[in-house]
Amino acid sequence: MNDHKEFKKECEKEIEEQGADQELNALTNQWINKAAEHKYSYHFEWLGRPIIQHPQDIIGVQQLLWNVQPDLIIETGIARGGSMIFHASILELIANCGGNKDALVLGVDIDIREHNRKEIESHPMSKRIKMIQGSSISSETHQQVVALSKGFKKILVCLDSNHTHNHVLEELKLYAPLVSKGSYCVVFDTIVDNMPEDPDSQRPWGKSNNPKTAVFEFLKSLDKQNILAADGEVLALEIDKAIENQLLITVAPDGFLIRV
Ligand SMILES: C[S@@+](CC[C@H](N)C(=O)[O-])C[C@H]1O[C@@H](n2cnc3c(N)ncnc32)[C@H](O)[C@@H]1O
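Residues numbered from 1 in each chain as written. Predicted model: local features only at pLDDT ≥ 70, side-chain atom pairs only at ≥ 80, totals over all residues.

Neighbouring the ligand are 18 residues, the closest being Gly77, Ala79, Ser83, Ser161 and Asn162. Looking at the shell around the ligand, the elements with two or more residues in it are helix H4 (82-96) and strand S4 (104-109). Looking at the shell around the ligand residue by residue, the class counts come to six nonpolar, nine polar and three charged. (Near = placed C-beta within 6 Å. Helix = DSSP H or I, 4+ residues; strand = E, 2+ residues; numbered from the N terminus. Nonpolar A, V, L, I, M, F, W, Y, C, P; charged D, E, K, R; others polar.)

Once that is clear, we can look at the nonpolar core. Grouped together as the largest cluster of nonpolar side chains are 60 residues, with contacts concentrated most on Ile74, Val157, Tyr184, Cys185, Val186 and Val187. Considering every element that reaches this core, the biggest residue donor is H4, with six residues. In contact with Val186, not counting residues within four places along its chain, are Val61, Cys158, Ala252, Gly255 and Phe256. (Core = buried A, V, L, I, M, F, W, Y, C linked by C-beta atoms within 7 Å. Buried ≥ 20, exposed ≤ 12 C-beta atoms within 10 Å, placed from the backbone. Contact = placed C-beta atoms within 7 Å.)

Quick look at the packing of helix H7 (residues 165-175) against helix H8 (residues 211-224) now. Orientation of H7 relative to H8, taken along the N-to-C sense of each, is 45 degrees, at an axis distance of 8 Å. In terms of their interaxial angle, H7 and H8 are classed as oblique. You can see that H7 and H8 cross each other, and the crossing is right-handed. In this structure, H7 uses His165, Val168, Leu169 and Leu172 to contact H8, whose residues at the interface are Pro211, Thr213, Ala214, Glu217 and Phe218. Of the residues assigned to the contact of H7 with H8, the class counts are six nonpolar, two polar and one charged. (Axes fitted to C-alpha atoms, helices over the stretch in contact; angles between N-to-C directions. Parallel < 35°, antiparallel > 145°, perpendicular 65-115°, else oblique. Left-handed = near helix turned anticlockwise from the far one by under 90°.)

Here we take up the pairing of strand S3 (residues 72-76). The buried fraction of S3 is high, at five of five residues. The alternating pattern of S3 places Leu72, Ile74 and Thr76 on one face and Ile73 and Glu75 on the opposite face, and all of these are buried. Bridge count between S3 and S4: five bridges; the pairing is parallel. Within S4, the position partnered with Ile74 by the bridge is Leu106. Read as a crossover between parallel neighbours, the route from S3 over H4 to S4 is right-handed. Pairing of S3 with strand S6 (residues 155-159), which is carried by five bridges, proceeds in the parallel orientation. (Pairing = 2+ DSSP bridges. Right-handed = clockwise from strand over helix to strand, strands pointing away.)

This paragraph deals with the sheet that holds S4. With mixed pairing, the seven strands of this open sheet are ordered in space as S5-S4-S3-S6-S7-S9-S8. The open sheet has two edge strands with one neighbour each: strand S5 (129-133) and strand S8 (237-239). Adjacent strand axes in the sheet meet at a mean angle of 20 degrees when their direction is disregarded.

So this is what it looks like as structure tokens:
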């Protein structure tokens, strides 16, 4: 075994152990809940655009993109564009390292504000970005996404728009079938399920109505009935626990779904 393989094996063992460390997990949850009081995840930028993510998830997704090497990333929830610029920049680096030269990010948002659109379109990474304005669960948007996704061979999906159970469940039904074998559907903000209920929250999501409850319901439905993926094969998704065990601080616990 060469050094890199040996090192990776050692890391895998340590990652499993840290994932099973209940004291560390309790401390992590405590930290995440406390940091959320300060809107911690809103305070970062990627190449000049605000990105609403935890730095750990940014690193985790970078690893994922390198491993999967998608030629299309479908992303719901653009906001100020930071995550799209991030994804596009990693695709650019992958292309510079010999990967797909034409890889793209397709972002969907119900409300792409004019100032955000301008900043995104004038960004150097915009050459790898396409945007659709519309609700991610409308049939019109879905049809446009499906049409645009034709011909791509390795598709990865990120869901980060409206975080209610019904909305995410609908997104999973519409977009998970587009995920290619060996690639991922990443469902963000499943962390809402782990957080204490906030009685002052104006948001419609919370405990028992959030992306994680939608993930579980969707995975259950896949067990009960055969749903076909866009490539005609039966869709099978599994939660990749190794990623969250590695990151610990993540807004997507049980949200890294790999198509097997
Ligand atoms: C959490 S933000 C996205 C953050 C972004 N992914 C990032 O990391 O910087 C959620 C976004 O979802 C959008 N959104 C809300 N409901 C939506 C819907 N029905 N369809 C598509 N986008 C929606 C909002 O307009 C908002 O921009």
